[in-house]
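Listed below are the residues making up each chain.
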Amino acid sequence: GQQVMQIPQYQHVQEGEDFTTYCNSSTTLSNIQWYKQRPGGHPVFLIQLVKSGEVKKQKRLTFQFGEAKKNSSLHITATQTTDVGTYFCADPQQYSGYSTLTFGKGTMLLVSP
Amino acid sequence: NAGVTQTPKFQVLKTGQSMTLQCAQDMNHEYMSWYRQDPGMGLRLIHYSVGAGITDQGEVPNGYNVSRSTTEDFPLRLLSAAPSQTSVYFCASSGQGPYEQYFGPGTRLTVT
């Protein structure tokens, strides 16, 4: 089945450093979603990107969808300890108005104060 | 609104035992799904439902059964638990379309 690959698997940064995680697909994606999961918690929706080349910002988080809609990235500027968690991209595959999600394996972010 | 609720939060089973993980949502969402999360594997879809009476298999359905008799509830049944089913199970729901999915707090299951 369709897969989305995420890199890196893990990153440890000092507070204030930037962080980027990448999501790649071998096939063209219709949309892409990003979720964050805090340690011991559940995934929480961050954003959905739909258009080729789309860039969206949420405070210190910048999300980008590639021109070919085969890749996406999440960039965090000046990380804070509250950014700790695992970030997942997910490919929504649509069926008759609903969609199932195929998740990447996630990037775990650790931020040291 | 409570959102998506799951019970129990923790469960330990012996191999061969059966149990039902409960999931309920109060957002009137038609779409509900079950995922399992294992270290380094991300979240994998087990079963999903697009409405009462309609269910379908996801990526890893073996060993699990589901039914959907109401819009609110979507229980997951383990028929004969195996150690390979030790995992964290998340239930999720969403409205129509490629919209965000709302996840429950999860059930941590250990099978010995």
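Right above here is the structure, for reference.
Residues numbered from 1 in each chain as written. Chains lettered and ligands numbered in written order. Predicted model: local features only at pLDDT ≥ 70, side-chain atom pairs only at ≥ 80, totals over all residues. Heavy atoms only, no water.

Colleague: For the packing of aromatic side chains, give the residues involved together with the corresponding values.
Modeller: All chains considered together, the criterion is met by 11 aromatic pairs over all chains. Measuring from ring centre to ring centre gives 5.6 Å for A:Tyr35 and A:Phe45, while their planes differ by 75°; the resulting arrangement is edge-to-face. Placement of the pair is A:Tyr35 in strand β4 (residues 32-37) and A:Phe45 in strand β5 (residues 43-49), with a sequence separation of 10 residues. Judged by centre distance (5.5 Å) and plane angle (55°), the rings of A:Tyr35 and A:Phe103 are tilted. A residue pair is termed long-range when its members are at least 10 positions apart, and A:Tyr35 in strand β4 and A:Phe103 in strand β10 (residues 98-103) qualify at 68 residues. The class for A:Phe103 is buried, based on a relative accessible area of 7%. An aromatic cluster of three or more residues is present, and its members are A:Tyr35, A:Phe45, A:Phe88, A:Phe103, B:Tyr35, B:Phe90 and B:Phe103. (Phe/Tyr/Trp six-rings, centres within 6.5 Å; stacked < 30°, edge-to-face > 60°. Helix = DSSP H or I, 4+ residues; strand = E, 2+ residues; numbered from the N terminus. Buried < 20%, exposed > 50% of the residue type's maximum accessible area, 1.4 Å probe, protein only.)

Colleague: Tell me about the pairing of β5(A), and name the residues and values.
Modeller: Residues and elements named next belong to chain A. By the criterion of burial, β5 is predominantly enclosed, with five of the seven residues buried. Looking at chain direction, β4 and β5 are connected through six bridges and run antiparallel. Paired with Lys 36 across the two strands is Val 44, which belongs to β5. Linkage of β4 to β5, two consecutive antiparallel strands, is achieved through a turn of five residues, within which Gly 40 is found at a positive phi near 75°. (Pairing = 2+ DSSP bridges.)

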